[in-house]
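Structural overview
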Amino acid sequence: MHASTRRQLQRQLTALAGGDRRAFDDVFGLCWPVMRQLAVRLLGDASEAEDAAQRALLRLFSNASCFDPEREALPWALTFVINECRTVRARRRRRPMQTLTVEPAGDLGPEQHLLRVDLTRALLDVVGTLSPADRVALGLEDAVLPVVAPATGRKRKQRALGRLRSAWRRIHGVA
């Protein structure tokens, strides 16, 4: 980013932090290409990087009032992207490595099939946040388990379902 563009970002982000909502479009226009490019370099996947950059921009705008005009604006803004990319990479590590295949049902139209695929992916994202013990309790993974009383197994499953529901709400906001 050129020095003049960096100065312009500094001015506009300072104005936004001061409450000038007219600076929103300028900050977005200056930050978006740089944030997206950094996310692509850090993640390698363009669509995943774009999502991460969007989430980073949302965090930047929600925390704009915390910006200290004495600090450099560009590194402050790019910190949001770096943190978001770290989160994405951590989620990748936790996610079980399995290929997603959804067979099209003969009676489903193309829109219903795409909806089914999206919901399956969303569920796998949420399941990837669960601990291995929770995935085993829900029957999603195999493991050699010690014999436990039936009531204990039901309680473990109930608790795992509760954590699955709360993870779904946290990630997708609906349940």
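Rules and cut-offs
- Residues numbered from 1 in each chain as written.
- Predicted model: local features only at pLDDT ≥ 70, side-chain atom pairs only at ≥ 80, totals over all residues.
- Heavy atoms only, no water.
- Helix = DSSP H or I, 4+ residues; strand = E, 2+ residues; numbered from the N terminus.
- Contact = heavy atoms within 4.5 Å.
- Buried < 20%, exposed > 50% of the residue type's maximum accessible area, 1.4 Å probe, protein only.
- Axes fitted to C-alpha atoms, helices over the stretch in contact; angles between N-to-C directions.
- Parallel < 35°, antiparallel > 145°, perpendicular 65-115°, else oblique.
- Left-handed = near helix turned anticlockwise from the far one by under 90°.
- Nonpolar A, V, L, I, M, F, W, Y, C, P; charged D, E, K, R; others polar.
- Salt bridge = Lys/Arg side-chain N within 4 Å of Asp/Glu carboxyl O.
- Expected span 1.5 Å × (residues − 1).
- Phe/Tyr/Trp six-rings, centres within 6.5 Å; stacked < 30°, edge-to-face > 60°.
- Core = buried A, V, L, I, M, F, W, Y, C linked by side-chain atoms within 4.5 Å.

A word on the overall build of the protein
Each helix and strand counted, the protein has seven helices and zero strands in total. Start at the N end of the protein and walk to the C end: the helices and strands fall as α-α-α-α-α-α-α. Look at the contacts in the protein between residues 6 or more apart in sequence, and 57% of them connect residues 24 or more apart.

With respect to the side chain of Q12
On the secondary structure map, Q12 appears in helix 1 (residues 3-17). The class for Q12 is buried, based on a relative accessible area of 18%.

Structural notes on the packing of helix 3 (residues 46-62) against helix 4 (residues 73-94)
Where helix 3 contacts helix 4, the two axes come as close as 8 Å, and the packing angle between them is 130 degrees. Taken together, the axes of helix 3 and helix 4 lie oblique to each other. Where helix 3 crosses over helix 4, the two elements pack in a sense that is right-handed. Mapping the contact onto sequence places E48, A52, R55, A56, R59 and L60 in helix 3 and W76, A77, F80, V81, E84, C85, V88, R91 and R92 in helix 4. For the contact of helix 3 with helix 4, the class distribution of residues is nine nonpolar, no polar and six charged.

Considering the environment of C85
Along the chain, C85 turns up in helix 4. Separated by 44 residues in the primary sequence, C85 and R41 place their C-alpha atoms 10.0 Å from one another.

Things to note about the pattern of salt bridges
This structure, assessed with the given rule, holds six salt bridges. Residues R36 and E50 are paired through a salt bridge, measuring 3.0 Å at the closest nitrogen-oxygen approach. Note that R36 is positioned in helix 2 (residues 24-43) and E50 in helix 3, a separation of 14 residues in sequence. What makes R36 partly exposed here is its relative accessible area of 28%.

A word on the packing of helix 2 against helix 3
The geometry of a pair of packed helices is captured by two quantities: the angle between their axes and the separation between those axes. Here helix 2 crosses helix 3 at 140 degrees, and the two axes come no closer than 8 Å. Between helix 2 and helix 3, the interaxial angle falls into the category oblique. Judged by the sense of rotation from one axis to the other, the crossing of helix 2 with helix 3 is right-handed. Here F24, V27, F28, C31, W32, M35, R36, A39, V40 and L43 of helix 2 come into contact with helix 3, specifically with A46, E48, A49, E50, A52, A53, Q54, A56, L57, L60 and F61.

What about helix 5 (residues 110-127)?
A rise of 1.5 Å per residue sets the reference length of helix 5, with its 18 residues, at 26 Å; its end C-alpha atoms lie 25 Å apart and thus fit the reference within 8%. By the burial criterion, the buried members of helix 5 are H113, V117, A122, V126 and V127. In this fold, the buried residues of helix 5 make contact with helix 6 (132-137) and helix 7 (150-172).

Considering the packing of aromatic side chains
Under the criterion given, the structure shown has four aromatic pairs. A ring pair is formed by F24 and F61, whose centres lie 4.2 Å apart and whose planes are at 35 degrees; its orientation type is tilted. Here F24, found in helix 2, pairs with F61, found in helix 3; they are 37 residues apart in sequence, far enough to count as distant. Looking at F24, the relative accessible area reads 36%, which means it is partly exposed. Looking at F61, the relative accessible area reads 18%, which means it is buried. Through pairs of rings, three or more aromatic residues link up here, namely F67, W76 and F80.

A closer look at the nonpolar core
Formed by 30 residues in total, the largest nonpolar core has its most connected members in L9, L13, L16, V27, C31, M35 and L60. Among the secondary structure elements, those contributing two or more residues to this core are helix 1, helix 2, helix 3 and helix 4. Element by element, the count of residues in this core is highest for helix 4, at nine residues. Those residues within four positions of V27 in sequence are excluded, and the remaining contacts are L9, Q12, L13, L16, L60 and F61. Judged by nonpolar contacts, the second largest core, of seven residues, contains V126, L130, L164 and A167.

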